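# Structural description and commentary
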Amino acid sequence: MAKFLSEEWVAGARALQAEYKDRAAAPAAQARINLTITEVPADVHEGPISAKIDTTDGAPDLDLGAFDSPDASITLEYDTAKAFLVEGNPQVVMQAVMSGKVKISGDMTKVLALGQGAPDAVALEMGGKLRDMTD
């Protein structure tokens, strides 16, 4: 098991994305979103982490780094990012947004569209594997 967003975890997540790419349902929107993850534990990374999500190829693709011209940018705390991306808990994110802990800039309609709908069986299976590999 690896800590969420550690180099080892990102490598494992990329491998899972590749394994499921052709089986995953198309995302609800095509978007390129930058994430700035704050409050990162020192044993994961020193300081904030820049990550990006790209759904323009028909499947969600999470990686480290940032787009030069994203559709939207989101700043959120480590625990909130983990609750959403690993645990699949949108309620935690909604509570963080309502309390001002999540900052969103850019095309809000694309961000909201990506959060809509229930995950299909393939997404649930992949999510289970992602949770199993996460410490």
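Structural data are supplied above this passage.
Parameters at a glance
- The numbering scheme is per chain: residues are counted from 1 as the chain's sequence reads.
- Reporting in this predicted model follows two pLDDT cut-offs: at least 70 for local features of residues, and 80 or more for side-chain atom pairs to be given and counted; totals over whole chains, interfaces and linings ignore these cut-offs and use all residues.
- For the side-chain quantities, the full set of heavy atoms in the structure was used; hydrogens and water were omitted.
- Here, nonpolar core means buried Ala, Val, Leu, Ile, Met, Phe, Trp, Tyr and Cys residues that are tied together by side-chain atoms lying within 4.5 Å of each other.
- Each residue gets one of three labels from its accessible area relative to the maximum for its type: buried under 20%, exposed over 50%, partly exposed in between, using a 1.4 Å probe on protein chains only.
- Under the scheme used here, helices are H or I runs from DSSP no shorter than 4 residues and strands are E runs no shorter than 2 residues, and both carry numbers assigned from the N terminus.
- Contact criterion: two residues are considered in contact whenever any of their non-hydrogen atoms come within 4.5 Å of each other.
- Salt bridges are counted wherever a side-chain nitrogen of Lys or Arg sits within 4 Å of a carboxyl oxygen of Asp or Glu.

Glancing now at the nonpolar core. By size, the foremost hydrophobic cluster in this structure holds 30 residues, and its most contacted members are Trp-9, Leu-35 and Ile-37. Among the secondary structure elements, those contributing two or more residues to this core are α1 (7–20), β1 (32–38), β2 (49–54), β4 (72–77), α2 (78–85) and α5 (121–132). Ranked by residues supplied to this core, first place goes to α1 with five residues. Among residues more than four places away in sequence, those in contact with Trp-9 are Ala-2, Lys-3, Phe-4, Leu-62, Val-86, Leu-130, Met-133 and Thr-134.

With respect to the element layout, Gln-17 can be found in helix α1. Leave out the neighbours within four places in its chain, and Gln-17 touches Pro-60, Asp-61, Leu-62 and Met-126.

Where charged atoms from two side chains of opposite charge come close, those side chains can pair. In the structure shown here, the tally under the stated rule is seven salt bridges. Two residues, Asp-135 and Lys-3, come together in a salt bridge whose shortest N-O distance is 4.0 Å. In this pair, Asp-135 sits in the segment after α5 while Lys-3 sits in the segment before α1, placing the two residues 132 residues apart along the sequence. On the accessibility criterion, Asp-135 (44% relative accessible area) is partly exposed. For Lys-3, a relative accessible area of 34% translates into the label partly exposed. Its salt-bridge partner being Arg-23, residue Glu-125 comes within 3.3 Å of it at the nearest N-O pair. With Glu-125 in helix α5 and Arg-23 in the loop between α1 and β1, this pair connects stretches of sequence that are 102 residues apart. By relative accessible area, Glu-125 is classed as partly exposed at 37%. Within this structure, Lys-3, Asp-43 and Asp-135 form a network of salt bridges that share partners.

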